[in-house]
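# Coordinate inspection notes
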Amino acid sequence: MRDKELFNYVKSSTDDIKINDYSDSIIANTHHEVKPKSLIKRKNKYFLPVSLATLGVLGAATALVVFVANSNSSGTKTKTRQFHDKVALNASYEMLALNNVISSTDSNVKSAKKTYTNDELSGLIGDVNSYLYTCEQLKNSDQIIYKFDQENTNSNYSDYKYMMSVSYLEDSLNCYYNVVTSKDDEYSIKGVVIIDEIDYTFFGEGEEENDESEITLTVNLSETLSIKVKNEVEIEKDEVEYEYSLERYNGSNLVESIKYEVDIEDDEASYEVVINSNNVETKYEFEKSSDEELDENLKVEKGYLSCIEGKIEKTNCENLEFFILVYDNYYLYIFEQEEDNLFI
Amino acid sequence: MTFDEFVKEFKENNYIHFKEFYDLTSKNVYFTAYGILKDSDLANDILQETYMTFLEKIDDYKNGKNVYAYLSMIARNKSINLYNRDKRIVSNEEIVINKYDDSNDYKKFNEILSYLDDELDREIIIYHIILDYTFKKIAQIIDMPLGTTLWRYNKALKTLKERIGDNYER
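Described below are features of the structure shown in this document. All of these numbers come straight from a predicted model, not from anything done at the bench. Going along each chain's sequence as written, the residues are numbered from 1 onward. Chains carry letters and ligands carry numbers; both start at the beginning, A for chains and 1 for ligands, and go up in the order they are written. Local features in this predicted model are restricted to residues of pLDDT 70 or higher, and side-chain atom pairs are both shown and tallied only at a pLDDT of 80 or more, whereas totals for entire chains, interfaces and linings draw on every residue. To obtain the side-chain values, all non-hydrogen atoms of the structure were included, while hydrogens and water were left out.

### Quick word on the overall build of chain A
Counting from the N terminus, the helices are the DSSP runs of H or I reaching at least four residues and the strands are the DSSP runs of E reaching at least two. Regarding its fold elements, chain A presents five helices and 15 strands. Accessible area is worked out with a 1.4 Å probe on protein chains only. A residue is then buried under 20% of its type maximum, exposed over 50%, and partly exposed in between. Burial statistics for chain A: of 344 residues in total, 37% are counted as buried. In what follows, residue pairs with any heavy atoms lying within 4.5 Å of each other are defined as contacts. Counting contacts in chain A only where the partners sit at least 6 residues apart, residues at least 24 apart contribute 42% of the total. Carbon and sulfur atoms provide 46% of the accessible area of chain A, an area that totals close to 21100 Å². Using a 1.4 Å probe, accessible areas were evaluated by the Shrake-Rupley method; residue-level cover was limited to the displayed protein chains.

### Considering the overall build of chain B
Each helix and strand in chain B was counted, giving nine helices and zero strands. Overall, chain B shows an N-to-C arrangement of helices and strands of α-α-α-α-α-α-α-α-α. In chain B, buried positions account for 52% of the 170 residues. Counted over contacts in chain B with a minimum sequence separation of 6, partners at least 24 positions apart contribute 64%. Accessible area of chain B: about 8300 Å², with a carbon and sulfur share of 47%.

### Concerning the side chain of A:Thr218
Residues and elements named next belong to chain A. You can see threonine 218 is positioned in strand 6 (residues 212-220). Judged by its relative accessible area of 13%, threonine 218 is buried. Filtering out sequence-adjacent residues up to four positions away, threonine 218 remains in contact with Thr201, Phe202, Phe203, Ser226, Ile227 and Lys228.

### Concerning the pairing of strand 13 (residues 320-326) of chain A
Residues and elements named next belong to chain A. For strand 13, a buried count of five out of seven residues is recorded, marking the element as mostly surrounded by other parts of the structure. Relative to strand 13, strand 12 (residues 306-314) runs antiparallel, the two being bridged by seven bridges. The partner of lysine 311 across the bridge, within strand 13, is glutamate 321. Pairing between strands is defined by DSSP: at least two bridges between the two strands are required. In this structure, the hairpin formed by strand 12 and strand 13 is closed by a connection of five residues, where asparagine 316 is found at a positive phi of approximately 60 degrees. Two strands pair when backbone bridges link them, and strand 13 and strand 14 (residues 331-334) are joined in this way by four bridges, in the antiparallel orientation. Among the inter-strand pairings, valine 326 is bridged to a residue of strand 14, identified as tyrosine 331.

### Considerations on the interface of chain A and chain B
Each side of the interface is counted separately: chain A has 40 residues, and chain B has 53 residues. Computed with a 1.4 Å rolling probe, the buried area is the accessible surface lost when two parts are put together, summed over both parts. Across the interface of chain A and chain B, roughly 4300 Å² is buried in total on both sides, 63% from carbon and sulfur atoms. Whenever a carboxyl oxygen of Asp or Glu lies within 4 Å of a side-chain nitrogen of Lys or Arg, that contact is scored as a salt bridge. Along the contact surface separating chain A from chain B lie two salt bridges. Across the salt bridge formed by A:Lys11 and B:Asp132, the nearest N and O atoms sit 2.8 Å from each other. Counted as a polar contact is a pair of N or O atoms within 3.5 Å, where, for protein atoms, one must be capable of donating a hydrogen and the other of accepting one, and residues adjacent in sequence contribute only when both atoms are in side chains. Remark: the boundary between chain A and chain B carries 10 residue pairs in polar contact (both at pLDDT 80 or more). Those elements that place two or more of their residues in the side of chain A that touches chain B are helix 1 (3-11), helix 2 (23-29), helix 4 (74-102) and strand 1 (145-149) of chain A.

### A word on unusual backbone geometry
Residue and element names in this part refer to chain B. Even without glycine at this site, asparagine 13 takes up a positive phi of about 60 degrees. Mapping asparagine 13 onto the fold places it in the loop between helix 1 (3-11) and helix 2 (18-37). What makes asparagine 13 partly exposed here is its relative accessible area of 31%. The backbone of lysine 38 shows a phi angle near 55 degrees, a positive value even though the residue is not glycine. On the secondary structure map, lysine 38 appears in the loop between helix 2 and helix 3 (40-56). You can call lysine 38 buried: its relative accessible area is 8%.

Just distances and angles here, no functional claims.
This is the structure:
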């Protein structure tokens, strides 16, 4: 029996089971006391005099907003909210991926337990590890938690209407932005993202269709350095495909490009990462493998969770193939020459 | 509506959209309970109790959490408490096993569960395949390391493949 057949067989086993509707009795038997609202403390010391000065204007503006809001149908309002929710969701992937590149902390990348003396291989495996981590982050994107608010309450970023917080495992960041829609499903976006307590401005464009989403952002690292990130997601039946690309620019010169592709089918993922820098292309491939491919005489600790087959192809270099055994707390990289094996 | 919007209403005792919320989440709660208790009547009791607890303690709920997993954790804890209480009363294991709901709708599902001896393996299979939880979320729900969760899942899958595969091919 193939894995896909088994998965579908188990999944369909509950199709005929109906869940009773107890919603009315649950409400009838629930006892909850509404908490009184507490006073909101204003952090901005200038708020009070500013608020008094603008009270008249705010009053008039509020009346106008209420008038405009009431003239919208409830269907339009819901659709707008859904659209902005999708924009926030896609932007959240970009923000976390940027965090991987920009942030100086990498608390979630599995740390080296033991390394051998081959420095060049150690350095290479350090890169491999970070690419694998980003791919896994894309694959596990449902673990990305984002909180989107249509009303930015942070007065330090008052130029921006929307605010969003994003987190994945122990990484978290905030961003503030404005969205302008052009055609039905196309929009432009501009804002600031805070990574390691530093503000980075960004701007970009996106498009939302039924089962496809696309967004491109340019983030300014300094006056001359910038990163352009692009994220595409395509969903079909039992398959999901993520394409994420990152380009580093110095002024208008492209310095490096990295492209990630994550294909998920029947809960199995394969990854491909292609890096182009200084006319050298390096391609990394990762695919779940059976441990039957491993040398049976190889001595490894038992209890690994899964086996990944990896391959590195680099311009003018020999291909490098290896296995990665995934343990609870570390990865074991296994190369053809046993003395090259690395724990990382 | 987003889940944060549902919760905001519930905190104000506004349950106008509770049915919608219930329809979205009740499958997760029910099968969490059923996987442990293997009895539809008891699972229905836990289903109701879970929502009541969720609503009564709604002020403890923090926005941004995964609501499905949160509800599953409540249901799981209640189910385990009930199961342990029942085990003390019913000492004959055969009677506990016979409490599987034997209606036709449950036949295939119960058969699959019966192939797995370990309760935790059954839970993991339900959480991942039936309820689409990630392994990270499952590890949090059952309070086990991620690695152990993955290892158990693969082991359970292998067992099911062997057992179901035999019957499937016949």
